[in-house]
Amino acid sequence: MSVTSPQSRVWWKEPVEKVELIWVVVAFAWGIFMFVFMVAWHFIGRQNLSNETYRVAPSAFEKKAEDFAKKYQAREEDGVPVVKPPAGADVYLLGRTFQWWPILELEKGQSYRIHLSSLDLQHGFSLQPTNINIQVHPGLEHIITLTPTADGTFGIICNEYCGLGHHTMTGKIYVTQKKVAEGGAVATAAAKIGEAK
Amino acid sequence: MTSIDVASAGPLPRKTEFRQCQYTGLKVDIAAQTLIKVNAVAAVVFLAIGGLFGLLVALTRWPAVHLLSSEMFYLVLTAHGADVLVFWIVFFEVAVLYFASAVLLNCRLAAPKLAWVAFVLMVVGALVANVAVLQGESSVMFTSYPPLMAKPHFYLGLIVFAVGALLAVALFFATLVIAKDEKTYEGSIPLVTFGALTAAIIAVFTLASGAIILIPTFLWSVGLIGNIDPLMYKAIWWGFGHSSQQINVAAHISIWYMIGALLVGAKPLSEKVSRTAFLMYILFLQLASAHHLLAEPGMSSEWKILNTSYMMYLAVMASMIHGLTVPGAIEAAQRRNGYTHGAFEWLRKAPWGNPAFSGMFLSLILFGFLGGISGVTLGTEQLNVLMHNTIYVPGHFHATVVAGTTLAFMAATYIVLPLIFQREVILPGLARWQPYLFGIGAAGISLFMMGAGTLGVSRRHWDITFSDASISFQHSASAFLMMGLNGISALIATLGGVLFVVIVVGTVLFGQKVGPGHKLTFPLHAAGPEAVTHHGAEEAPKLTGTAILVAVFFICFVLYYFVNWKYLADLWLFR
Ligand code: HEM
Ligand SMILES: [Cu+2]
Ligand SMILES: [Cu+2]
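Residues numbered from 1 in each chain as written. Chains lettered and ligands numbered in written order. Predicted model: local features only at pLDDT ≥ 70, side-chain atom pairs only at ≥ 80, totals over all residues. Heavy atoms only, no water.

## What to know about a nonpolar patch on the surface
Residue and element names in this part refer to chain A. Spelled out, the test is: Patch definition: residues with relative accessible area over 30% and no salt bridge; like charges joined within 9 Å; nonpolar side chains (Val, Leu, Ile, Met, Phe, Trp, Tyr) joined within 5 Å. Methods summary: accessible areas were calculated by the Shrake-Rupley approach with a probe of 1.4 Å, and residue burial reflects only the protein chains presented. When a carboxyl oxygen of Asp or Glu is within 4 Å of a side-chain nitrogen of Lys or Arg, the pair counts as a salt bridge. In this text, helices come from DSSP runs of H or I with a minimum length of four residues, and strands from runs of E with a minimum of two, each type numbered from the N-terminal end. Burial classification: accessible surface area is computed with a 1.4 Å probe over protein chains only, and a residue below 20% of its type maximum counts as buried, one above 50% as exposed, and the rest as partly exposed.
Taken together, Phe-28, Ile-32, Phe-35, Val-36, Val-39, Phe-43 and Ile-44 make up a surface patch of nonpolar side chains, about 650 Å² in accessible area. Mapped onto the elements, Phe-28 comes out in helix 1 (residues 18-44). By relative accessible area, Phe-28 is classed as partly exposed at 41%.

## Notes on the packing of helix 13 (residues 392-421) of chain B against helix 15 (residues 477-510) of chain B
Residues and elements named next belong to chain B. Where we set the bar: Think of each axis as a best-fit line through the C-alpha atoms, taken over the contacting stretch in the case of a helix, with angles from 0 to 180 degrees between the N-to-C directions. Angle categories: roughly parallel below 35 degrees, roughly antiparallel above 145, roughly perpendicular from 65 to 115, and oblique for all the rest. In what follows, a contact means two residues having at least one pair of non-hydrogen atoms within 4.5 Å. The classification used treats Ala, Val, Leu, Ile, Met, Phe, Trp, Tyr, Cys and Pro as nonpolar, Asp, Glu, Lys and Arg as charged, and all other residues, Gly among them, as polar.
Interaxial distance between helix 13 and helix 15 falls to 11 Å at its minimum, and their mutual angle equals 5°. Classified by the angle their axes make, helix 13 and helix 15 are roughly parallel. Where helix 13 abuts helix 15, its residues Met-410, Thr-413, Tyr-414, Leu-417 and Phe-421 lie against Gly-497, Phe-500, Ile-503, Val-504, Thr-507 and Val-508. Among the residues making up the contact of helix 13 with helix 15, the classes are represented as eight nonpolar, three polar and no charged.

## Structural notes on the coordination of the copper ion (ligand 3)
Residues and elements named next belong to chain A. Keep this limit in mind: Metal donors: N, O and S atoms at distances within 2.8 Å, or within 3.2 Å for Na, K and Ca, with water omitted from the atom set so that some sites may seem incomplete. Metal sites are grouped by the angles between bound donors: all angles between 85 and 135 degrees with four donors is tetrahedral, opposite donors over 155 degrees apart with the others between 65 and 115 is square planar for four donors and octahedral for six, and any other pattern is irregular.
Distances from the copper ion (ligand 3) to its protein donors, namely Cys-158 (SG), Glu-160 (O), Cys-162 (SG) and His-166 (ND1), fall within the range 2.0 to 2.3 Å. Given four donor atoms and angles of 90 to 121° at the metal, the environment of the copper ion (ligand 3) is assigned as tetrahedral. Along the chain, the residues donating to the copper ion (ligand 3) are arranged with the sequence spacing C-x1-E-x1-C-x3-H. Between the two metals, the copper ion (ligand 3) and the copper ion (ligand 2), the spacing is 2.6 Å, and Cys-158 donates to both.

## As for the pairing of strand 11 (residues 152-158) of chain A
Residues and elements named next belong to chain A. Put simply, the test is: Two strands pair if DSSP finds at least two bridges between them.
When you tally the buried positions in strand 11, you get five out of seven residues, the bulk of the element. Relative to strand 11, strand 8 (residues 123-128) is paired through four bridges, and the arrangement is antiparallel. Opposite Ser-126, over in strand 11, you have Ile-157 as the bridge partner. Sheet topology note: the strand 11/strand 12 (residues 170-176) ladder contains six bridges and is antiparallel. Note on strand 12: the bridge partner recorded for Gly-155 is Lys-172.

## Regarding the site of ligand 1
All names here are of chain B. Rules: One heavy atom within 4 Å of a molecule or strand is enough for the residue carrying it to be called near that molecule or strand. Identification of polar contacts relies on pairs of N or O atoms within 3.5 Å, with a donor-acceptor requirement for protein atoms, meaning one able to donate a hydrogen and the other able to accept it, and with residues adjacent in sequence counted only if both atoms are side-chain atoms. Grid points spaced at 1 Å and placed over the protein atoms alone form the basis of the search, with a cavity being a set where a 1.4 Å probe fits but cannot get out and a pocket an open set showing protein on both sides within 12 Å along at least five of seven lines. Lining residues have an atom within 4 Å of a point. The way we define it, a molecule is inside a pocket or cavity when more than half of its atoms are within 2 Å of that pocket's grid points.
The full set close to ligand 1 counts 24 residues, and Arg-61, His-80, His-398, Arg-459 and Arg-460 are the nearest of them. In this structure, a nitrogen atom belonging to ligand 1 sits 2.7 Å away from a side-chain N or O atom of His-80. At 2.6 Å, a backbone N or O of Arg-460 approaches an oxygen atom of ligand 1. Here ligand 1 occupies the largest pocket. Broken down by secondary-structure element, the contributors of at least two residues to the shell around ligand 1 are helix 2 (30-61), helix 3 (70-103), helix 13 and helix 15. Broken down by element, the residue count for the shell around ligand 1 peaks at seven residues, all from helix 3.

## Here we look at the coordination of the copper ion (ligand 2)
Residue and element names in this part refer to chain A. Taken together, the protein donors to the copper ion (ligand 2) comprise His-123 (ND1), Cys-158 (SG), Cys-162 (SG) and Met-169 (SD), at separations of 2.0 to 2.5 Å. With four donor atoms in place around the copper ion (ligand 2) and angles of 92 to 131° between them, the coordination shape is tetrahedral. Donor residues for the copper ion (ligand 2), ordered by position in the chain, follow H-x34-C-x3-C-x6-M.

## Comments concerning the packing of aromatic side chains
Let me state the cut-off plainly: Under the pairing criterion, centres of Phe, Tyr and Trp rings, with the six-membered ring standing for Trp, must be within 6.5 Å; the plane angle then separates stacked pairs below 30 degrees from edge-to-face pairs above 60, leaving the rest tilted. The criterion for a charge sitting over a ring is simple: Lys NZ or Arg CZ within 6 Å of the ring centre, and within 35 degrees of the ring normal.
On inspection of all chains with the given rule, the structure shows 50 aromatic pairs over all chains. The interplanar angle of 10° and the centroid separation of 5.6 Å between the aromatic rings of Trp-30 of chain A and Phe-33 of chain A together place this pair among those described as stacked. Within this pair, Trp-30 of chain A and its partner Phe-33 of chain A are both found in helix 1, separated by three residues, close to a single helical turn. Centre to centre, the rings of Trp-30 of chain A and Tyr-561 of chain B are 5.2 Å apart; their planes meet at 75°, and the pair counts as edge-to-face. Linking Trp-30 of chain A in helix 1 with Tyr-561 of chain B in helix 17 (residues 544-569), this pair reaches from one chain into another. Here Trp-30 of chain A and Tyr-561 of chain B have matching classes, each one buried. Within the aromatic cluster, the residues linked to one another by ring pairs are Trp-23, Trp-30, Phe-33, Phe-37 and Trp-41 of chain A together with Phe-369, Phe-553, Phe-554, Phe-557, Tyr-561, Phe-562 and Trp-565 of chain B. Here the guanidinium or amino end of Arg-75 of chain A rests over the ring plane of Tyr-174 of chain A, the centre of that ring lying 5.4 Å away. Against the face of Tyr-145 of chain B rests Lys-234 of chain B, its NZ or CZ located 4.6 Å from the ring centre.

## Topic: the confidence of the model for chain B
Residue and element names in this part refer to chain B. Note the cut-off: The quantity called pLDDT is the predictor's confidence in a given residue, expressed from 0 to 100.
Of all residues in chain B, 96% have pLDDT values of 70 or greater, and the mean over the chain is 91. Confidence drops under a pLDDT of 50 for residues 1-12, and excluding neighbours within four residues, the segment shows 17 contacts in the predicted structure. Prediction confidence for the complex, expressed as pTM and ipTM, is 0.92 and 0.89 respectively.

## What to know about unusual backbone geometry
Along the chain, Trp-101 of chain A connects to Pro-102 of chain A via a cis peptide bond; the corresponding omega equals -10°. Counting through the fold element by element, Pro-102 of chain A comes out in the loop between strand 5 (99-101) and strand 6 (103-107). A cis geometry characterises the amide bond from Gln-128 of chain A onward to Pro-129 of chain A, with omega recorded as -5°. The phi dihedral of Asn-106 of chain B falls on the positive side, at around 60°, and the residue is not glycine. Within the secondary structure, Asn-106 of chain B sits in the loop between helix 3 and helix 4 (112-134). Take Asn-106 of chain B: its relative accessible area is 15%, and that puts it in the buried class. Residues other than glycine seldom take positive phi values, yet Met-141 of chain B does so here, at roughly 65°. Following the sequence through the fold, Met-141 of chain B ends up in the loop between helix 4 and helix 5 (152-181). When its relative accessible area of 1% is taken as the criterion, Met-141 of chain B is described as buried.

## Some points on the layout of surface pockets
Residue and element names in this part refer to chain B. Put simply, the rule reads: Grid points are joined across faces, edges and corners, and a volume is the space filled by probe spheres set on the points.
When its volume is computed, the largest pocket comes out at roughly 800 Å³. If you go around the largest pocket, you meet 38 residues; those closest to its centre are Gly-51, Gly-54, His-80, Val-84 and His-398. Looking at the lining of the largest pocket, the elements with two or more residues in it are helix 2, helix 3, helix 13, helix 14 (428-454) and helix 15.

Set out below in structure tokens:
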């Protein structure tokens, strides 16, 4: 039976079944739609990962983070400074085996320029339970403009394997209600969003 | 590619011994048959070892059991990834390549001696890498991102393995050339071989990327190179890591077509469409490695979008096409076989008691619904931030590579045992259940890991209670529940896996020899051999059932996609 000759030698000229054709068109159109939507989210969405990245020596980044913590330190928790920067400030958060440093205290509805980098290996910034996950590299300073939309206590865990202590690597962000009139906060947040690309 | 010259241009081609297969009429080169056997056996050995490691990992991640110490956990997880994702899969793929070239084309295998060299290199490489991991100090996960550093022989083992695999791929090409020269087939190669060819072409690119990045990394680990840029490493490493998944997809889709052909006599709906879809993998998938870098600093949005949409969606489209043409071809064939009632009689009356069929169809469904939909969602630039590096990621790829590829390879094994090993499958009653057990278990681990990931649980993480952390953190109770359900599913998958290994090893050692005139326990379809070795499209088929299936699939896809955008819109704002 395997010696019978092929049914149609010119397979590339055969007609295509209707159902098949419809499906090809649907699949293609859906691909185009997903592409357009991804681009569109840069304009209509409020969650787009920033591309602002600079090369930085780990020691230089450590210095910046320490200066930042000293400048805005509010208190201390188990030897770790809790830092309360003003709205709109440059905020430094460093990852190192096995700690996110320092602890931050932010205000709901305010935007901050968060500088993320690592002093040693790659780490995974994973804000919980909000579930924002960003890769952190040594030597790259990644700047994200972040606006908390809920108050409470949030954990940062590490979700890039970084050695045997990986599961002990945590950090914390407190988000407090804004003290002054609510309207003001909302207005500044809205203005900030408005100026996004 | 000197092997081609050695094999085909030599004045005296080696004396080849053939036998004729009583079920398919194919001429089988005995040397090729032996090589298919040894590669398949090596594959199953690594599946057994790696699967056991998988169970240990899952039991550790089950909070109520928490089996291993943290050090052992990271060690075993590294071994699990390497043994199943690399060694099991690639050994099996080499067997598939030899089968799709030499056997399906009635041809001799090019240079069997070199094929043995390839095999030995692969075995040695795999053993060396395993030893390195088991010695400790190389618990860097199979991705081995610098600056995390393993012992030099870890990288060396992987490099040697890749060289062996590359040689095997070269022999596949050489065999195609010989078959063409010696006119062992007429017209174009059959679709299954065509699919294997696309897998092989992608493999060249893939293994080259692997070598390009692992060789300098090896030199770095022995101190000859000062520094490996982590971002550059990742970009090239995923050229290997992701494209190798494309090899798997091309290989297991070829197997879907093959099993459909052999068991129900399915011919492609349209050769043109199916082949074009395979070609699209070659053209578009390589760059999709970008979707592993979506949460990375230092890459522009334009670059991410271009590489994940234009490139990836065309490859996704190709998979969606196969997702219609494979069940469509089966439906058409079953209707020809007389199952014409309603929309689904063809499916109800399919050979569900044959593990090759049930394994193949479950693989198709689970790969599409769980693996495909989650993969596209995960690979969307902004949505990636929701699950990057959470345990959602292993959830997604256990749907693709375990429920999809591994299950398809298991299904194919039930055909390879009687046809190539020429042994009757032992324990047929249990064999009938094996694909269901493994499929349900694999679907469970995929779903529950995805669920836990959505709740923020990290991948590659020993302790979700963070008991040793200086700053405490607690996951939600539902996250713990998900990880527990994942553990239970792992037990089911392991049961299916153990059964598979027992059946394969038992059959190879003790199965009844298949003599002339033997009636197979799991028979082939009378028109099967023709459907698999020749090309030609199905004529004027009726495809109501398949149309409904893909419509349901599409609705699930769209809903799930938008649900995730909704999740994203509820996050803190960032830009
Ligand atoms: C009995 C079957 C299996 C079970 C129970 C299982 C379970 C698991 C679990 C729980 C993880 C850990 C997730 C984490 O902590 O990050 C994992 C990781 C992984 N599994 Fe499996 N698995 C099984 C089979 C397979 C197979 C057959 C493959 C490949 C074909 C595979 C490939 C992987 C890979 C590549 C990883 C990631 C390792 C890493 O993150 O470095 N698994 N598996
Ligand atoms: Cu870390
Ligand atoms: Cu970590």
